[in-house]
Amino acid sequence: MSLKVVVVEDETLTRIDLIEILKENGYDVVGEAADGIEAVEVCKKLQPDIVLLDIKIPYISGLKVANILKEEGFKGCVIILTAYNIAEYIQEASNTIVMGYILKPIDEPIFIERLNLIYKNFKLYDDLRIEVDDTKKKLEERKVIERAKGIIMSKYSLNEEEAYKKIRDLSMQKRISMFKLSEIIILTGGLE
């Protein structure tokens, strides 16, 4: 499966060249934009894997587009593509969801190599983020189950193992998760 890319570049010839380079190297260019307003709309609509985003674009700067995408929960890899190698831009980009910074003019082999490297690192980061989120969710669910287990232990004078078994058995019998059942136990103060 090829990666879906949106190219945001206000210079038409540069945008056409980028699209051609990307297509020749197996990327699926699903959208393009010439300004910040179009960029936000296209990215929200198409949810690409990668957004190549020029900094200096009309209406809304590329860095502000990156901030908007971040606020809206965009899950793709945002890469700044610019002719400006200015420390201020790099610093501002590091405070957004930008994963990389590629300078123009484009040298095709170097561009593709950097694009691949940035996306590979993005995927590693994203996979870790998902794993951390899953771990946090499981920990929160475990806390709720432990709290419900404490209520059952107290209400029915059961030990920890017996209370856990009671919750687990009722969860299977009612075909709801132990977490959902535990939430009910906490809300009602126990089982009748």
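Since this is a predicted model, take the numbers as computed values, not measurements.

### Remarks on the packing of aromatic side chains
Part 1: A complete count under the given rule lists one aromatic pair for this structure.
Part 2: Here the aromatic rings of Tyr 119 and Phe 122 are separated by 5.7 Å at their centres, their planes lie at 40°, and the arrangement is tilted. In this pair, Tyr 119 and Phe 122 both sit in helix H5 (residues 108-156), three residues apart, roughly one turn of the helix.
Part 3: Stacked on the ring of Tyr 156, the Lys or Arg Lys 166 has its end atom at 5.0 Å from the ring centre.

### Section: the UniProt feature "domain: ANTAR" (unreviewed entry) in the protein chain
Part 1: In the numbering adopted here, UniProt assigns the feature "domain: ANTAR" (unreviewed entry) to residues 125-186.
Part 2: Note that residues 125-186 is 90% helix and 0% strand, and that its end C-alpha atoms are spaced 36 Å apart.

### Examining the sheet that holds strand S1 (residues 4-8)
Part 1: Across the sheet, five strands lie side by side as S2-S1-S3-S4-S5; this open sheet has parallel pairing. Sheet topology places strand S2 (28-33) and strand S5 (98-103) at the edges, where each strand pairs with a single neighbour. Each strand axis lies, on average, 20° off the axis of its neighbour in the sheet, ignoring direction.
Part 2: Here five bridges tie strand S3 (residues 50-54) to strand S4 (residues 77-82), and the two strands are oriented parallel to one another.

### Focus on unusual backbone geometry
Backbone geometry follows two general trends: most residues other than glycine have a negative phi, and most peptide bonds adopt the trans configuration.
Part 1: A cis geometry characterises the amide bond from Lys 104 onward to Pro 105, with omega recorded as 5°.
Part 2: Mapped onto the elements of the fold, Pro 105 is located in the loop between S5 and H5.
Part 3: Even without a glycine there, the phi angle at Ser 157 is positive, about 50°.
Part 4: Within the fold, Ser 157 resides in the loop between H5 and helix H6 (160-174).
Part 5: On the accessibility criterion, Ser 157 (67% relative accessible area) is exposed.

Reading the values: the criteria
- Residues numbered from 1 in each chain as written.
- Predicted model: local features only at pLDDT ≥ 70, side-chain atom pairs only at ≥ 80, totals over all residues.
- Heavy atoms only, no water.
- Phe/Tyr/Trp six-rings, centres within 6.5 Å; stacked < 30°, edge-to-face > 60°.
- Helix = DSSP H or I, 4+ residues; strand = E, 2+ residues; numbered from the N terminus.
- Lys NZ or Arg CZ within 6 Å of the ring centre and 35° of its normal.
- UniProt positions renumbered as here; feature names shortened; annotations may be inferred.
- Pairing = 2+ DSSP bridges.
- Axes fitted to C-alpha atoms, helices over the stretch in contact; angles between N-to-C directions.
- Buried < 20%, exposed > 50% of the residue type's maximum accessible area, 1.4 Å probe, protein only.

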